[in-house]
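Results of the structural survey
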Amino acid sequence: MNPNFLDFEQSIADLEAKIEALRFADKNSELNINEEINRLRLKSRKLTESIFTSLTPWQISQLARHPQRPYTLDYIERIFTDFQELHGDRAFADDPAIVAGIARLDDRAVAVIGHQKGRDTREKVRRNFGMPRPEGYRKAMRVMKTAERFQMPVITLIDTPGAYPGVGAEERGQSEAIARNLYTMASLRTPIIATVIGEGGSGGALAIGVGDRVMMLQYSTYSVISPEGCASILWKSADKAALAAEAMGITADSLLRLGLIDKIVSEPLGGAHRDVSAMAASLRQALLLSLEQLRGMSVEQLLAARYARLMQYGKFDETR
Amino acid sequence: MSWFDKLLPPKIKSSGAGRKAVPEGLWRKCPGCNAVLYSAEIESNMDVCPKCDHHMRIGARRRLDLFLDKEPRTEIGANLHPVDVLKFKDSKRYRDRLDEAQKATGEQDALVVIHGRLLGSPLVAAAFEFGFMGGSMGSVVGERFVKAIDTCVEHDLPLVCFAASGGARMQEALLSLMQMAKTSAALTRMAARALPFVSVLTDPTMGGVSASFAMLGDVIVAEPKALIGFAGPRVIEQTVRETLPAGFQRSEFLLDHGAIDMIVDRREMRDKLLVILSLFMDARSQIQFPAA
């Protein structure tokens, strides 16, 4: 099995392996081989297209957690210039599970904040698998308050399995740190654009996810609890994660339909990791467009619209 | 009947029928000290064990009944009913779970809000019904909480909320997560009008409720020994792979770690909160607000 491909992509992996084999095959009948390679490439593309037009929510959540999926720093590098990382919550520690800083988007100075996962084992551990502790959220808030003073728009990139459930995190007030961010972001006097780039895991995601525009990459997910967590509580078995993913409607499509997000940013064929530059370019376009849409609004208009948006969350019956 | 039985006064005679006539629930066992206690005695003590002071869990109506003056009382948001937008089904349908919870508790959803008085002072008080799907927060809970704040802002009233919740309601999926943002955002309006919010954390206050408005009180009070935290103890144990210290995530632990302001005995709650709210409301009366 090729680890670059998920289980539902194995037929694509097989084709790609054939293409690779042919490319290094005997050069004697070069013309025929090229024809064969082109034929297989087309076939692979068609196959990918057909697999990716009917992905299940569970398959999408596997893509959202793909080991090669681009993370916050991959986007920062490709979308922004002059990025200066700012460290620490000024109280306890620097949490590497959240990256925060100031940078330029086009020529505009902005603040960028995002969850950061690690690529190799050492880095994964250092970044705590993208699960922030309270100091991560407090660092995010500190940088947002700075951005507010300088009227810099805040851009957040969401990609976390959730806030870290550990002893120290509880001791230092994980709940309060998340709650304080929700409260602060609701009335932060500068535009906020939040984008889910991978896993939007519950309160740990929402804690940097309140904004004037909320977007999701096509194969990202956003949910109140992980499919595994939901399955183990409601189905009493983590094996039912696929069912839970289905029931909770965690994909960008269903959340757009529910009116909980504003926009879906399309991914390259096969997912963001297949063409990181193309993905970064379209995310950049989407961010610029959102900023442009918010540019004409006064701070008061912005806050009123953000408040109205937060208040319309929820579905219920109202009788007289 | 023997001559001895005839001599006995009727009330001493033991009879099986008589014992069965004792109503069920006359005696209750304290979960804190295992003492078997006379129900009426516990009830008259606000559901606090007279032997060990264990604060037993109580429902939303009982909570508000103990806390508020008898009248006036006006319920807020009683006309809001939960709906199953996602057609959510696990081993049971969400709609069936709602029906069961509504039948079992007599409530439409897990938060009850009353506009009333505390020792003569007007306020809005909200309480969670833990018996309703673990006091979980869905759309109706969020909307009722916002309506509570609307009433406070409209009539210049303080807000007290008694939390008792396992967190967000999974069956409403992301809609329930968004209630965290909604309720927290609404509190900015209380702050803008200098209206105090006292958050009372009772056993248990976890997850999405703890990580939103419940931790945003101007003053945060907890009942003794309540379980309060973000992640549940079992989840943490699985993550760190060690047994948690005794008292972890209990009110006393949170007080030690600076997360809450004070622990207040249920029997002193009314008096204590009146003092706190009066201080804020007195200070507020000196503030000049710009005309709305």
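Placed above this text is the structure.
Residues numbered from 1 in each chain as written. Chains lettered and ligands numbered in written order. Predicted model: local features only at pLDDT ≥ 70, side-chain atom pairs only at ≥ 80, totals over all residues. Heavy atoms only, no water.

With that settled, consider the overall build of chain A. Tallying secondary structure elements over chain A gives 14 helices and 9 strands in all. Rg of the C-alpha trace for chain A: 21 Å, near the compact-globule value of 20 Å for 320 residues, within the 12% margin. Along the first, second and third principal axes, the C-alpha set of chain A runs to 70 × 50 × 45 Å. Sorting the 320 residues of chain A into buried and exposed places 55% on the buried side. Contacts in chain A between residues at least 24 apart in sequence constitute 71% of all its contacts with a sequence separation of at least 6. Counting every atom, chain A has about 13,900 Å² of accessible surface; 51% of that belongs to carbon and sulfur. (Helix = DSSP H or I, 4+ residues; strand = E, 2+ residues; numbered from the N terminus. Rg over C-alpha atoms; globule rule 2.2 N^0.38 Å. Buried < 20%, exposed > 50% of the residue type's maximum accessible area, 1.4 Å probe, protein only. Contact = heavy atoms within 4.5 Å. Areas by Shrake-Rupley, 256 points an atom, 1.4 Å probe, with all protein chains shown as cover.)

Looking now at the overall build of chain B. Of the regular secondary structure elements, chain B holds 11 helices and 11 strands. If one aligns the C-alpha atoms of chain B with their principal axes, the spans along those axes are about 90 × 50 × 45 Å. Per-residue burial for chain B yields a buried fraction of 51% across its 292 residues. Total accessible area computed for chain B in this model is approximately 13,500 Å², and 53% of it derives from carbon and sulfur atoms.

What follows concerns the pattern of salt bridges. Side chains bearing opposite charge may pair, as long as their charged atoms lie close to each other. Per the counting criterion, the structure on display carries 48 salt bridges over all chains. In this structure, the salt-bridge partner of Arg-169 of chain B is Glu-172 of chain B, at a minimum N-O distance of 3.9 Å. Sharing partners across several salt bridges, the network here consists of Arg-65, Lys-117, Asp-159, Glu-199 and Glu-228 of chain A. (Salt bridge = Lys/Arg side-chain N within 4 Å of Asp/Glu carboxyl O.)

Residues and elements named next belong to chain B. Residue alternation in strand 9 (residues 219-222) divides its side chains into two sets, Val-219 and Val-221 and Ile-220 and Ala-222, and both sets are buried. The sheet contact formed by strand 8 (residues 197-206) and strand 9 spans 4 bridges and is parallel. Along strand 9, the bridge assignment pairs Val-200 with Val-221. As paired elements, strand 9 and strand 11 (residues 262-263) share 2 bridges and run parallel to each other. Within strand 11, the position partnered with Ala-222 by the bridge is Ile-263. (Pairing = 2+ DSSP bridges.)

What follows is about the side chain of Glu-143 of chain B. Structurally, Glu-143 of chain B is set in helix 6 (residues 139-155). Judged by its relative accessible area of 11%, Glu-143 of chain B falls in the buried class. Setting aside residues no more than four positions away along its own chain, Glu-143 of chain B makes contact with Met-311 and Phe-316 of chain A together with Leu-80, Gln-179 and Lys-182 of chain B.

Of the residues lining the interface, 44 residues belong to chain A; the matching set on chain B comes to 53 residues. Contact between chain A and chain B buries roughly 4,400 Å² in total, counting both sides, with carbon and sulfur atoms accounting for 74%. If you look at where chain A meets chain B, you find 1 salt bridge. Where Lys-147 of chain B meets Glu-318 of chain A, a salt bridge forms, and the shortest distance between an N and an O atom there is 3.8 Å. (Buried area = accessible area lost by both parts, 1.4 Å probe.)

A word on the packing of helix 6 (residues 134-149) of chain A against helix 8 (residues 174-186) of chain A. Residue and element names in this part refer to chain A. One way to put it is that helix 6 packs onto helix 8 with a least axis distance of 8 Å and a crossing angle of 20°. With respect to their mutual orientation, helix 6 and helix 8 come out roughly parallel. With respect to the hand of their crossing, helix 6 and helix 8 are arranged in left-handed fashion. Of the residues in helix 8, those in contact with Pro-134, Tyr-137, Arg-138, Ala-140, Met-141, Met-144 and Lys-145 of helix 6 are Gln-174, Glu-176, Ala-177, Ile-178, Arg-180, Asn-181, Thr-184 and Met-185. Here the residues of the contact of helix 6 with helix 8 sort into 8 nonpolar, 3 polar and 4 charged. (Axes fitted to C-alpha atoms, helices over the stretch in contact; angles between N-to-C directions. Parallel < 35°, antiparallel > 145°, perpendicular 65-115°, else oblique. Left-handed = near helix turned anticlockwise from the far one by under 90°. Nonpolar A, V, L, I, M, F, W, Y, C, P; charged D, E, K, R; others polar.)

Residues and elements named next belong to chain B. Here the structure, examined in full by the defined rule, presents 9 aromatic pairs over all chains. Centre to centre, the rings of Phe-67 and Phe-162 are 5.0 Å apart; their planes meet at 75°, and the pair counts as edge-to-face. Placement of the pair is Phe-67 in helix 4 (residues 60-67) and Phe-162 in strand 7 (residues 159-165), with a sequence separation of 95 residues. According to the relative accessible area criterion, Phe-67 is buried, its value standing at 3%. Three or more aromatic residues link up through ring pairs in this structure, and these residues are Phe-128, Phe-145, Phe-197 and Phe-213. (Phe/Tyr/Trp six-rings, centres within 6.5 Å; stacked < 30°, edge-to-face > 60°.)

The next subject is the nonpolar core. Ranked by size, the top nonpolar core spans 110 residues in total, and within it Tyr-222 of chain A together with Phe-213 of chain B carry the most contacts. Here the element with the most residues in this core is helix 7 (residues 173-192) of chain B; it accounts for 11 residues. Excluding residues that lie within four positions of it along the chain, Phe-213 of chain B makes contacts with Phe-128, Met-137, Phe-145, Cys-161, Thr-183, Ser-184, Leu-187, Phe-197 and Ser-199 of chain B. Counting 26 residues, the second-largest nonpolar core is a separate cluster that includes Val-265, Ala-272, Leu-287 and Leu-294 of chain A. (Core = buried A, V, L, I, M, F, W, Y, C linked by side-chain atoms within 4.5 Å.)

Here we come to the pairing of strand 2 (residues 98-105) of chain A. Residue and element names in this part refer to chain A. Along strand 2, 6 of the 8 residues are buried, which leaves the element largely enclosed by surrounding structure. Here strand 1 (residues 81-85) runs beside strand 2; their pairing, made up of 3 bridges, is antiparallel. When the sheet's bridge partners are listed, Gln-84 is paired in strand 2 with Ile-102. Where strand 2 meets strand 3 (residues 108-115), 8 bridges bridge the pair, whose relative direction is antiparallel. Note that in strand 3 the partner of Ile-98 across the bridge is His-115. Between strand 2 and the antiparallel strand that follows it, strand 3, lie 2 residues; Asp-106 among them carries a positive phi value of about 60°.

A cluster of nonpolar side chains, Trp-27, Val-36 and Tyr-38 of chain B, forms an exposed patch at the surface whose accessible area comes to about 350 Å². In this structure, Trp-27 of chain B sits in strand 1 (residues 27-29). (Patch = residues over 30% accessible without salt bridge, like charges linked within 9 Å, V, L, I, M, F, W, Y side chains within 5 Å.)

Let us look at the side chain of Ser-199 of chain B. Residues and elements named next belong to chain B. Considering the arrangement of structural elements, one finds Ser-199 in strand 8. For Ser-199, a relative accessible area of 1% puts it in the buried group. If sequence neighbours within four positions are ignored, Ser-199 has contacts with Cys-161, Phe-213, Ala-214, Gly-217, Val-219, Ile-220 and Val-221.

The next point concerns unusual backbone geometry. Put simply, Glu-71 of chain B and Pro-72 of chain B share a cis peptide bond, and its omega is 0°. By the element assignment, Pro-72 of chain B lies in the loop between helix 4 and strand 3 (74-76). Of the consecutive residues Asp-203 of chain B and Pro-204 of chain B, the connecting peptide bond is found in the cis state with omega at -10°. Within the element layout of this structure, Pro-204 of chain B appears in strand 8. The phi dihedral of Phe-129 of chain A is positive, around 55°, even though this residue is not glycine. Counting through the fold element by element, Phe-129 of chain A comes out in the loop between helix 5 (121-126) and helix 6.

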